[in-house]
Each structure stands twice: as structure tokens, then as C-alpha cells.
Amino acid sequence: MSLTLLGTILIVEDSPSELELMSHYLKESGYNVIKASGAKEGLEKAVLQKPDAIVTDVVMPEMSGFELCRSLRRNPITAKVPIVVCSSKNQEIDRLWAMRQGADAYITKPYTRELLLRTIKSVVI
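Residues numbered from 1 in each chain as written. Predicted model: local features only at pLDDT ≥ 70, side-chain atom pairs only at ≥ 80, totals over all residues. Heavy atoms only, no water.

- As annotated in an unreviewed UniProt entry, the chain carries the name Response regulator and comes from Nostoc flagelliforme FACHB-838.

**Let's talk about unusual backbone geometry**
And step 1. Omega for the peptide link from Lys109 to Pro110 comes to -5°, which places this bond in the cis form.
And step 2. Phi at Lys50 is positive, roughly 45°, even though this residue is not glycine.
And step 3. Secondary-structure assignment places Lys50 in the loop between α2 (39-49) and β3 (53-56). (Helix = DSSP H or I, 4+ residues; strand = E, 2+ residues; numbered from the N terminus.)

**Notes on the nonpolar core**
And step 1. Within the largest apolar cluster, 21 residues are counted, with the highest numbers of intra-cluster contacts made by Leu10, Val12, Ile54, Leu68, Leu72, Val85 and Ala98.
And step 2. Of all the secondary-structure elements, those providing two or more residues to this core are β1 (7-12), β2 (31-36), α2, α3 (65-74) and β4 (83-87).
And step 3. Leu26, Ala105, Tyr111 and Val123 belong to the second-largest nonpolar core, a separate cluster that totals 19 residues. (Core = buried A, V, L, I, M, F, W, Y, C linked by side-chain atoms within 4.5 Å. Buried < 20%, exposed > 50% of the residue type's maximum accessible area, 1.4 Å probe, protein only.)

**Some points on the pattern of salt bridges**
And step 1. Counted by the stated rule, this structure contains eight salt bridges.
And step 2. Taking the shortest distance from any N to any O, the salt bridge between Glu20 and Lys35 comes out at 2.7 Å. With Glu20 in helix α1 (residues 16-28) and Lys35 in strand β2, this pair connects stretches of sequence that are 15 residues apart.
And step 3. Glu20 gets classed as partly exposed once you look at its relative accessible area, which sits at 44%.
And step 4. Judged by relative accessible area, Lys35 falls into the partly exposed class, the value being 26%.
And step 5. With its nearest N and O atoms 3.7 Å apart, the salt bridge here joins Lys89 to Asp94. (Salt bridge = Lys/Arg side-chain N within 4 Å of Asp/Glu carboxyl O.)

Encoded structure:
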């Protein structure tokens, strides 16, 4: 049985275990996955590979997920790519700030496979 690819998702996550878990969930569900272990790498890959959506952590060294959102929105190549923030920061202010920075959706860790997939489907047009 072959899976029909649903699209390409860029995951920006500095935790190797989180990166692998998210990647596994998405690949298993028919998505092509691009991995980046930091926001700067994620920004480069987003511009070069033009994913259908981006899932990013917030707390990362060098550049935060919020800074990544702002950079993606300012670049004409990535300005319209849906962004899902997936963070352990679960305060309402974090959610509001993510949306102000350009995120389309916000989920908190720990998340379920179903929540991750439902959220991605809700932003990918």
C-alpha cells in the first residue's frame, strides 16, 4: 500500500527526541518531512524548499520560534506559509504573542498525534 503524500512539512525543533517523534507522526500519516534543528537552519530550509507548512518550537538557542515567525512573515518567499507553534509554553500570553508574530496555530507539549495532525490539516489549504 503506498501513501499519497499530503504535503511537505518543515519541523524546526532543537530537541532530537521531539524532532524524531513529530517526524514519525507526520511521515506515518503521509507527509514529506524536512527537519531543522534550529531556527536559522529552519529559515534557510523554508526559503530553499518552500514547505506547505512549518511547525516550530519557541525556546531554541540563537533564534527563538517567535523570531523565526517574524522572519518568515517578512520574507516574500515564505510570507504565506502556514506556521504552527508547538511549545511547552502554555500560558495564554504565549499563545497571543505567537499569533502576533505571525503563527497560524499554537499547540502545547505534550501533544497527541491526533492534535498535531488535526492542527496541521487546519492550516494547510
